[in-house]
Amino acid sequence: MSNQNQRLDEVLSAIDAGFDASVDRLSDILRIPSISTDPAHDEDVRAAADWFASEFERLGFSAEVVKTPGHPVVFAERPAPTPDAPTILYYGHYDVQPADPLEQWNSPPFEPVVVDDAHGGRIVARGAVDDKGQVMTFIEAFRAWIETTGGLPVGIKVMLEGEEESGSESLDGFLESHESRLAADVCVVSDTGMWNAETPAITTMLRGMVYIEAEIRGPGHDLHSGMYGGAIANPANVMARIVASLHREDGSIAVPGFYDGVQDPPASVLEQWKGLGFDEAGFLASAGITAASGGESGRTMLERTWSRPTLDVNGIHGGYTGAGAKTIIPATCAAKISCRLVPGQDPTTIEQALRHHIESKLPAEFTVEFINHGMNPAVVVPADSPWLSAAKTGLAAAYTTPAAVIGTGGSIPAVGDIQAKLGMDALLVGFGLDDDRVHSPNEKFDLRCLRGGIRSHAGMIAAFADHPTA
Ligand code: BES
Ligand code: MN
Ligand code: MN
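Residues numbered from 1 in each chain as written. Chains lettered and ligands numbered in written order. Predicted model: local features only at pLDDT ≥ 70, side-chain atom pairs only at ≥ 80, totals over all residues. Heavy atoms only, no water.

### Considering the packing of aromatic side chains
And then number 1: Summed over the entire model, instances satisfying the criterion amount to twelve aromatic pairs.
And then number 2: Between the aromatic rings of tryptophan 195 and phenylalanine 278, the centroid separation amounts to 6.0 Å while the plane-to-plane angle is 50°, which identifies the pairing as tilted. With tryptophan 195 in the loop between strand 7 (186–189) and strand 8 (201–206) and phenylalanine 278 in the loop between helix 8 (267–274) and helix 9 (280–286), the pair connects residues that are 83 residues apart, well separated along the chain.
And then number 3: Looking at tryptophan 195, the relative accessible area reads 17%, which means it is buried.
And then number 4: Arranged with centres 5.5 Å apart and planes meeting at 55°, the rings of phenylalanine 278 and phenylalanine 283 form a pair that is tilted.
And then number 5: Residue classification places phenylalanine 278 among the partly exposed residues on the basis of a relative accessible area of 28%.
And then number 6: When its relative accessible area of 26% is taken as the criterion, phenylalanine 283 is described as partly exposed. (Phe/Tyr/Trp six-rings, centres within 6.5 Å; stacked < 30°, edge-to-face > 60°. Helix = DSSP H or I, 4+ residues; strand = E, 2+ residues; numbered from the N terminus. Buried < 20%, exposed > 50% of the residue type's maximum accessible area, 1.4 Å probe, protein only.)

Pasting the structure below:
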């Protein structure tokens, strides 16, 4: 029997007894609008970093808000209690997405509220699940261990980033200049989802991303559409044609070279995914629709979102978009285009291919300007590591259903950087649900997931302590 089990039972009781206070602390940090992409919120981003640093100091960690060329990184640590105990590096992000469109929120995005519902209530605010609520799952687990037993059975390092939602641009440099300080046995990340509310999940695949903006320019200025219409190529019409040329009828992507090197997951993995029993209707309902009408034909929904690359237009702007009618041929039109990448695709190659494709569709005398909004490759985490087994053991502290091993369509640029630069495996254990409205109005975190997440981290700490490094 595990030597940590009895202490863990006490820790779990303390978590339940202190749960209301945990919700209050989460509410505190949710009140700080740490929107990393908007310079108007730079002070708030800094305040959120300070809030987390003080929280760690209160728990007896040494903590520092480390400057970067962009937003700071919060680094905190508590040494291992014994030389043979492992050290775990926890990663999360304290920045959030913008809250727009504000009018679609039922309560102000930075005034968290607990709403009662049929499954124990939910906390609603921007950042509730992505990622402040999930960061609090491990912080509250540390607190319960420390307050119940006087310490932690493993060494802990924490790195909280303030630029995840805007592309993690300063993280590479931070990892390079703090490599030895960040040394650990494994990196635990809570920024993904559960399989469903009863089934925890360990995510072993993340898609990568290439995000570009293309602005095309035709005439020297906006023109009267009666005087010039019919004689002059219209940049908005041309952009529509370019966007239409990006996909084929069957939903596949028509950019030459886009699929070069794409690797399908091993047959055993595809077989395992079939066994998960995906609730397609529930997934579609979480998007507010009833029938799937997009995506590549001949692929299951899980393949489409986990292991196939995509190309999506996030927004198109140009010409007259104000009230009423104005008759012009606009001088410019721009599109924001993002691709989700899978193993085998090189971000730089995909970016070049996309640029060439757009350039090849331009009429004579048209020009195009590109802005790069970030690139990172897909990530695969080994599914057979002893740390993953320990995590599964630990999750039993909170869930009776065993953990599912899953993929995800989302991206976390830091995970690839951590694996490449620090040479350690990542362990992605997250507690979000499909209907959490991540990045959308009325983002929420179920309180049952918050509690389950805290209990899970408490359990994983016990399991990690019982599986010291070989
Ligand atoms: N936590 C998400 C990633 C995620 C979402 C994982 C859903 C699993 C399920 C993360 O904060 C995020 O939104 N990432 C961005 C990355 C981008 C800004 C480079 C994304 O995926 O769009
Ligand atoms: Mn996130
Ligand atoms: Mn996010």
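Picking up after the structure, the text goes on.
### Section: a nonpolar patch on the surface
And then number 1: On the surface, a cluster of nonpolar side chains totalling about 290 Å² of accessible area is made up of Met227, Tyr228 and Ile232.
And then number 2: As for its position among the elements, methionine 227 is in helix 6 (residues 225–228). (Patch = residues over 30% accessible without salt bridge, like charges linked within 9 Å, V, L, I, M, F, W, Y side chains within 5 Å. Areas by Shrake-Rupley, 256 points an atom, 1.4 Å probe, with all protein chains shown as cover. Salt bridge = Lys/Arg side-chain N within 4 Å of Asp/Glu carboxyl O.)

### Quick notes on the coordination of the manganese ion (ligand 3)
And then number 1: Bound to the manganese ion (ligand 3) on the protein side are Asp130 (OD), Glu165 (OE), Glu165 (OE) and His439 (NE2), at distances that span 2.1 to 2.5 Å.
And then number 2: Taken together, the six donor atoms coordinating the manganese ion (ligand 3) span angles of 56 to 157° at the metal, a pattern that classifies the geometry as irregular.
And then number 3: Each donor residue of the manganese ion (ligand 3) lies on the same chain, and together they follow the pattern D-x34-E-x273-H.
And then number 4: Between the two metals, the manganese ion (ligand 3) and the manganese ion (ligand 2), the spacing is 3.6 Å, and aspartate 130 donates to both. (Donors = N, O, S within 2.8 Å, 3.2 Å for Na, K, Ca; no water. Tetrahedral: all angles 85-135°; square planar, octahedral: opposite > 155°, others 65-115°.)

### Quick notes on the sheet that holds strand 13 (residues 332–341)
And then number 1: Overall, antiparallel pairing links the four strands, which are arranged 11-13-9-14 in an open sheet. The open sheet has two free edges, formed respectively by strand 11 (310–317) and strand 14 (367–376), since each of these has just one partner strand. For this sheet, the mean inter-axis angle between neighbouring strands, taken without regard to orientation, is 15°.
And then number 2: The pairing of strand 9 (residues 208–217) with strand 13 spans ten bridges and is antiparallel. Paired with tyrosine 211 across the two strands is serine 338, which belongs to strand 13. (Pairing = 2+ DSSP bridges. Axes fitted to C-alpha atoms, helices over the stretch in contact; angles between N-to-C directions.)

### Thoughts on the sheet that holds strand 4 (residues 113–115)
And then number 1: Ordered in space as 4-5-18, the three strands form an open sheet in which the pairing is antiparallel. The sheet is open, and its two edges are formed by strand 4 and strand 18 (444–446), each paired on a single side. Averaged over all adjacent pairs, the angle separating strand axes in this sheet is 25°, with direction ignored.
And then number 2: Pairing geometry for strand 5 (residues 122–124) and strand 18, over three bridges, is antiparallel. Looking at the pairing, arginine 122 lines up with aspartate 446 of strand 18.

### Let's talk about unusual backbone geometry
With the exception of glycine, most residues fall at negative phi, and the peptide bonds are largely trans.
And then number 1: Cis peptide bonds are those with omega within 30 degrees of zero, and the linkage from aspartate 100 to proline 101 qualifies with -5°.
And then number 2: Its location among the elements puts proline 101 in the loop between strand 3 (87–93) and strand 4.
And then number 3: The omega torsion of the bond from aspartate 130 to aspartate 131 falls at 5°, within 30 degrees of zero and hence cis.
And then number 4: Turning to its location among the elements, aspartate 131 is positioned in the loop between strand 5 and helix 4 (132–149).
And then number 5: Backbone geometry at glutamate 365 places phi at a positive 75°, although glycine is not the residue there.
And then number 6: Inspection of the secondary structure puts glutamate 365 in the loop between helix 11 (347–360) and strand 14.
And then number 7: Look at glutamate 365 and you get exposed, because its relative accessible area is 77%.

### What about the site of ligand 1?
And then number 1: Taken together, 14 residues lie around ligand 1, and Glu164, Asp191, Arg340, Ser411 and His439 are the ones closest in.
And then number 2: One of the side-chain N or O atoms of aspartate 191 is found 2.8 Å from a nitrogen atom in ligand 1.
And then number 3: Protein chains bury 81% of the 520 Å² of accessible surface belonging to ligand 1 in isolation.
And then number 4: A per-class count over the shell around ligand 1 returns three nonpolar, six polar and five charged. (Near = heavy atom within 4 Å. Polar contact = N/O pair within 3.5 Å; in protein donor to acceptor, adjacent residues only side chain to side chain. Nonpolar A, V, L, I, M, F, W, Y, C, P; charged D, E, K, R; others polar.)

### Points about the coordination of the manganese ion (ligand 2)
And then number 1: Note on the manganese ion (ligand 2): its protein donors are His93 (NE2), Asp130 (OD), Asp191 (OD) and Asp191 (OD). The metal-donor distances range over 1.9 to 2.4 Å.
And then number 2: Coordination at the manganese ion (ligand 2) comes from six donor atoms whose angles at the metal span 57 to 165°, giving a geometry best classed as irregular.
And then number 3: As a motif over one chain, the donors of the manganese ion (ligand 2) read H-x36-D-x60-D.

### As for the pattern of salt bridges
And then number 1: Enumeration over the complete set of coordinates arrives at 23 salt bridges.
And then number 2: A salt bridge links aspartate 446 to arginine 448; the nearest nitrogen and oxygen atoms lie 2.9 Å apart.
And then number 3: Residues joined by salt bridges that share partners form a network here, namely Arg25, Glu55, Arg58, Glu140 and Arg143.

### Some points on the domain arrangement of the protein chain
And then number 1: Partitioning the protein chain into domains gives domain 1 (3–206 + 378–465) and domain 2 (208–262 + 309–374).
And then number 2: The C-alpha centroid of domain 2 is placed 37 Å from the C-alpha centroid of domain 1.
And then number 3: Listed by partner, the interface residues are six residues for domain 1 and six residues for domain 2.
And then number 4: Counting the surface lost from both domain 1 and domain 2, the interface buries some 450 Å², and carbon and sulfur atoms represent 56% of this.
And then number 5: There are zero salt bridges connecting domain 1 and domain 2. (Domains from an automatic or database assignment. Contact = heavy atoms within 4.5 Å. Buried area = accessible area lost by both parts, 1.4 Å probe.)

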